[in-house]
Amino acid sequence: NTPQGFAKLAVWFEKHGTPPSAVCLEATNTYSIGVALFFYERAMTVYVANPLQVHSFMQAQLRRVKTDKADAALLADFIEAMRNKLRPWQPPPEHYQELRDLVRYLHELTRSRTVVKNRMEKVHYLSSAAKAPILRSLSADLRHYQKEIRLIKKVIGECLQTHEDLSARYALLTSAPGIGEMTALTFMAEVPNIQQFASAKQLACYAGVTPRVRHSGAHQPVSQPISKIGNTRLRQAFFMASLTAKRYNQSIIDFAKRLQEKKKPMVVQVAVERKLLHLLYAMEKHQRPFDPNYQKSQPLTGTV
């Protein structure tokens, strides 16, 4: 999985005649991006499959062998069977790739800072002579992460200023109460093009905040857990945003109050999270900033 390896693969293609029209590989975070781009630049249709789909497909075929060669054959069978149900992969624009990598790294720095803060809290309860040097070491780590977070945020700000489409989109998203800096940046990084979703429901599915329905016969559960099959970064960002929206966004406050009368707190929280995703989808689709009076201005149709 290096440029040298890609060059060898290109030679292998030449030896075997016409390159394949379509290729499939499993998504492996950043590790699959380089080879996917290699195929895409050679005019091949690229499918980056969810590993969970491939694993389920393997189980459905009762496969007992798992080697590199067997996995390659499995992916070939998978794409042959599922091609019509998968969306071909396309790389986002270069400035969106830059934003995505910066925002994801910012999240990693923030998590590391939180770990250090939690360790510092524990150190205060130590009574041995080790307390002072440990606290000094953790304080140095904390200063380092805080400095790096400021620097990365500065680079992200410069990226937004350099590209008008990014800055305009950022302003549009943050016009909604409850959508702060990190939520808007995460949404932009993980959803570079809202047009890839035909509806707000598809966006909610992508974030993994839709119910996982499990009905059988007369068994009808009172509530359904969310699927969690989707973009974890997006789901986590909007969970935090939903906490803020329930305090400062009046339309969300009214929505949550109606649900609280008959739903459990966590069910309401997830519903608010999904509502926020639907809200941003509508704002982006119609290119209109948040309007608190929009619902009131709509004519009553007698339907819900």
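Figured I'd write up the structure that's included with this text. Only a predicted model underlies this, so the values are computations on that prediction, with no experimental measurement involved.

## Details of the overall build of the chain
At step 1: A count of helices and strands for the chain gives 13 helices and two strands.
At step 2: If you line up the chain on its principal axes, its C-alpha atoms span 70 × 65 × 50 Å.
At step 3: Expressed as a percentage of contacts within the chain between residues at least 6 apart in sequence, the contacts between residues at least 24 apart total 60%.
At step 4: Of the roughly 19,600 Å² of accessible surface on the chain, 55% is carried by carbon and sulfur atoms.
At step 5: The average position of the 43 basic charges and that of the 24 acidic charges among the side chains of the chain differ by 9 Å.

## Description of helix H10 (residues 232-248)
At step 1: For H10, with 17 residues, the first-to-last C-alpha span of 25 Å sits near the 24 Å given by 1.5 Å per residue.
At step 2: All buried positions along H10 are accounted for by Leu234, Arg235, Ala237, Phe238, Ala241, Ser242 and Ala245.

## Some details on the pairing of strand S2 (residues 45-49)
At step 1: Pairing geometry for strand S1 (residues 22-26) and S2, over five bridges, is parallel. Following the sheet pairing, Ala22 is matched in S2 by Thr45.
At step 2: Taking the sense of rotation as the criterion, the β-α-β connection linking S1, helix H2 (residues 33-41) and S2 turns out right-handed.

## Regarding the packing of helix H11 (residues 250-260) against helix H12 (residues 265-286)
At step 1: Where H11 contacts H12, the two axes come as close as 10 Å, and the packing angle between them is 145°. For H11 against H12, the interelement crossing comes out right-handed. From H11, Ile252, Phe255, Ala256, Leu259 and Gln260 reach across to H12, where they touch Val268, Ala271, Val272, Lys275 and Leu276.
At step 2: Its residues placed into classes, the contact of H11 with H12 shows eight nonpolar, one polar and one charged.

## Some details on helix H1 (residues 3-15)
Think of an α-helix as 3.6 residues a turn; residues three or four steps apart then line up on the same face.
At step 1: Helix length check: H1 (13 residues) gives 19 Å between terminal C-alpha atoms against 18 Å at 1.5 Å per residue, within 8%.
At step 2: Of all the residues in H1, the buried ones are Phe6, Ala10 and Phe13. All buried residues of H1 project into a common sector of 55° when viewed along the axis, lining one side. Turned more than 90 degrees off the buried face of H1, the exposed positions are Gln4, Lys8 and Lys15.
At step 3: Residues of H1 that are buried make contact with H2.
At step 4: The positive-phi residue at the C-terminal boundary of H1 is Gly17, with phi of around 85°.

## Things to note about the nonpolar core
At step 1: Counting 46 residues, the largest nonpolar core has Ile156, Ile179, Phe187, Leu203, Phe238 and Leu280 as its most contacted members.
At step 2: Counting residues per element, the ones that place at least two in this core are helix H5 (94-123), helix H6 (131-162), helix H7 (164-173), helix H8 (181-190), helix H9 (200-207), H10, H11 and H12.
At step 3: Those residues in contact with Leu280, other than ones at most four positions away along the chain, are Leu173, Ala176, Ile179, Phe187 and Phe238.

Cut-offs applied
- Residue positions within a chain follow its written sequence, with the count starting from 1.
- In keeping with the model being predicted, local features are shown solely for residues with a pLDDT of at least 70 and side-chain atom pairs are shown and tallied solely at 80 or more, while totals for entire chains, interfaces and linings include all residues.
- In computing side-chain properties, one takes all heavy atoms of the structure into account and sets aside hydrogens as well as water.
- Strands here mean DSSP runs of E at least two residues long; helices mean DSSP runs of H or I at least four residues long; both are numbered from the N terminus.
- Pairs of residues are marked as contacts when any of their non-hydrogen atoms sit within 4.5 Å.
- Here the open area of atoms and residues is found with the Shrake-Rupley method and a 1.4 Å probe, where only the protein chains shown may cover a residue.
- Counting rule for charge: Lys and Arg are taken as positive, Asp and Glu as negative, and neither His nor the chain ends is counted.
- Throughout, a charge is located at the NZ atom of Lys, the CZ atom of Arg, the CG atom of Asp or the CD atom of Glu.
- To estimate how far a helix should reach, multiply one less than its number of residues by 1.5 Å.
- The buried label goes to any residue with under 20% of its type's maximum accessible area, the exposed label to any with over 50%, and the partly exposed label to all in between, with areas taken from a 1.4 Å probe on protein chains only.
- Here, strands pair whenever DSSP counts at least two bridges between them.
- With the strands pointing away from the viewer, any crossover whose connection runs clockwise from the first strand over the helix to the second is right-handed.
- A fitted line through C-alpha atoms serves as each axis, taken over the contacting stretch for helices, and the angle formed by two N-to-C directions is quoted from 0 to 180°.
- With the far helix as reference, a near helix turned anticlockwise by less than a right angle produces a left-handed crossing, and one turned clockwise produces a right-handed crossing.
- Three classes are used, and their members are as follows: Ala, Val, Leu, Ile, Met, Phe, Trp, Tyr, Cys and Pro are nonpolar, Asp, Glu, Lys and Arg are charged, and the others, Gly among them, are polar.
- Arc, as used here, means the arc of the directions from the helix axis to the C-beta atoms.
- Joining through side-chain atoms within 4.5 Å is the link that ties buried Ala, Val, Leu, Ile, Met, Phe, Trp, Tyr and Cys residues into a set, and such a set is a nonpolar core.

Without other data, these values stay purely geometric and don't point to any function.
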